[in-house]
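# Examination of the molecular architecture
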Amino acid sequence: MDQDLTPKADKPEPTRWERFRKVFKGHPMAVVGLIGISMFVLVAILAPWIAPQDPYDLAKLDILDGLLPPGSTLFDGTYSVLGTDALGRDILSGVMYGLRISLFVAFTAVLVGSAIGVLLGLLAALRGGWVETIIMRAVDLKISFPGILLALMLLAIFGTGVDKVIYALIIGAWASKARLVRAVALSEMKKEYIDAARLAGLSDFRIMTRFLLPNSISPVLVVLPMSISGAIGAEATLSFLGVGVPITEPSLGLLIANGNDYLLSGKWWISIFPGLVLVAMVLCINVVSDRLRDHANPYLRAKD
């Protein structure tokens, strides 16, 4: 029997879109979570144009519209889907604008904190010695404090504000990333290509940016969504306790706190609707994060 000796063409390299589809293919819950995250982000970006009311414009608020239940008509004739709070602010508009603050604070704090942690982790693995000792002792010191307690201490000292909350969350986010990256980078440092790079005369900075960083960043990217979820919850907790964002720029946590005093009087919608949005957003992020973590696991990825 004649054998086909024609060489087979190499399989084309999958595109980024194909690799992205492979991650979520066959996992409907992860797809739903990804769609949910996209919707929340889109609503937050478009809030000034799609919100029925600007809750920050006190001149347009009417005290006569205060504490109206969902489905009520406001004094100016507009329709309030989710009701109003004690100041007459539309809950739906407040949630849309609150999403902007919550997502902005969480994304900024986690991205900046992760960048600092990655840099320090790589530096500790590459330089070793007293540099590694100082960095890792600082990591141990940070991890010894509960994150929310440290944030409360910092905000009590420096005051409230969006920027202050971001600084507090950055301090809480960098340590875990530094420890994770250092562990991966130490493993990479034992490989032959690092020795070859040193023999070639490459500087430590070049080795760190060209070799260590690309080969050590994957675990951080996997845990990044979970870190954002945790930052959203931490910001909401701080704002609920009254030490987070100012009342003029309410986040979801502050919106929940605004209705806390009215829950027992039957005005449940002031806190419940922002709370449901917060839970749904964190749940969507956690579902996507779980899928990314499973895909990064070689054993589980082989079963897909």
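Check the entry above for the structure.
Now for a quick tour of the structure. (Residues numbered from 1 in each chain as written. Predicted model: local features only at pLDDT ≥ 70, side-chain atom pairs only at ≥ 80, totals over all residues. Heavy atoms only, no water.)

All right, on to the overall build of the chain then. Broken down by element type, the chain carries twelve helices and two strands. In sequence order, the chain lays out its α and β elements as α-α-β-β-α-α-α-α-α-α-α-α-α-α. For the chain, the C-alpha radius of gyration of 24 Å lies well beyond 19 Å, the compact-globule estimate for 304 residues. Across its three principal axes, the chain shows a C-alpha extent of roughly 80 × 65 × 30 Å. Counting only residues that meet the buried cut, the chain has 41% of its 304 residues in that class. Nonlocal contacts in the chain, meaning residues at least 24 apart in sequence, comprise 68% of its contacts between residues at least 6 apart. (Helix = DSSP H or I, 4+ residues; strand = E, 2+ residues; numbered from the N terminus. Rg over C-alpha atoms; globule rule 2.2 N^0.38 Å. Buried < 20%, exposed > 50% of the residue type's maximum accessible area, 1.4 Å probe, protein only. Contact = heavy atoms within 4.5 Å.)

With that out of the way, let us pick up the side chain of Gln 53. Structurally, the position occupied by Gln 53 is in the loop between helix H2 (28–50) and strand S1 (72–73). Excluding its chain neighbours within four sequence positions, the residues that come into contact with Gln 53 are Leu 61, Leu 74, Gly 88, Arg 89, Asp 90, Ser 93 and Tyr 97.

Residues other than glycine seldom take positive phi values, yet Leu 67 does so here, at roughly 60°. Looking at the secondary structure, you find Leu 67 in the loop between H2 and S1. For Leu 67, a relative accessible area of 26% puts it in the partly exposed group.

The next thing to look at is the nonpolar core. Counting residues in hydrophobic clusters, the biggest one holds 43 residues, and the most contacted among them are Ile 232, Leu 252, Leu 278 and Met 281. Taken together, the elements giving at least two residues each to this core come down to H2, helix H3 (91–127), helix H5 (147–158), helix H6 (162–189), helix H9 (218–240), helix H10 (252–258) and helix H11 (269–296). Discounting chain neighbours no more than four positions away, the residues touching Leu 252 are Val 95, Gly 98, Leu 99, Ser 102, Pro 274, Val 277, Leu 278 and Met 281. Within the second largest apolar cluster, 14 residues are counted, among which are Ala 125, Ala 185, Leu 212 and Val 220. (Core = buried A, V, L, I, M, F, W, Y, C linked by side-chain atoms within 4.5 Å.)

Taken as a whole and assessed by the stated rule, the structure comprises two cavities of 30 Å³ or more. Of the voids in this model, the largest cavity is the one considered here, and its volume is about 60 Å³. Every residue along the wall of the largest cavity is listed here: Pro 55, Asp 85, Arg 89, Asp 90, Ile 91, Gly 94, Val 95, Pro 250, Leu 255 and Pro 274. Sort the elements by how many residues they give to the lining of the largest cavity and H3 lands first, with three residues. Class assignment of the residues belonging to the lining of the largest cavity gives a composition of six nonpolar, one polar and three charged. Here the second largest cavity is characterised by a volume of approximately 40 Å³. Surrounding the second largest cavity, Ile 37, Phe 40, Val 41, Leu 103, Phe 107, Met 281 and Ile 285 form its lining. Broken down by secondary-structure element, the contributors of at least two residues to the lining of the second largest cavity are H2, H3 and H11. (1 Å grid on protein atoms, 1.4 Å probe; cavity = no way out; pocket = protein on both sides within 12 Å on 5 of 7 lines; lining within 4 Å. Points joined across faces, edges and corners; volume = space filled by probe spheres on them. Nonpolar A, V, L, I, M, F, W, Y, C, P; charged D, E, K, R; others polar.)

Our next topic: the pattern of salt bridges. Evaluation of the coordinates by the stated rule reveals seven salt bridges. One salt bridge connects Asp 140 with Arg 179, and the closest N-O pair in it is separated by 2.5 Å. Taken as a pair, Asp 140 in helix H4 (residues 129–143) and Arg 179 in helix H6 lie far apart in primary sequence, 39 residues in all. Using a relative accessible area of 37% as the deciding quantity, one classes Arg 179 as partly exposed. Shared partners join several salt bridges into a network, and the residues in it are Arg 137, Asp 140 and Arg 179. (Salt bridge = Lys/Arg side-chain N within 4 Å of Asp/Glu carboxyl O.)

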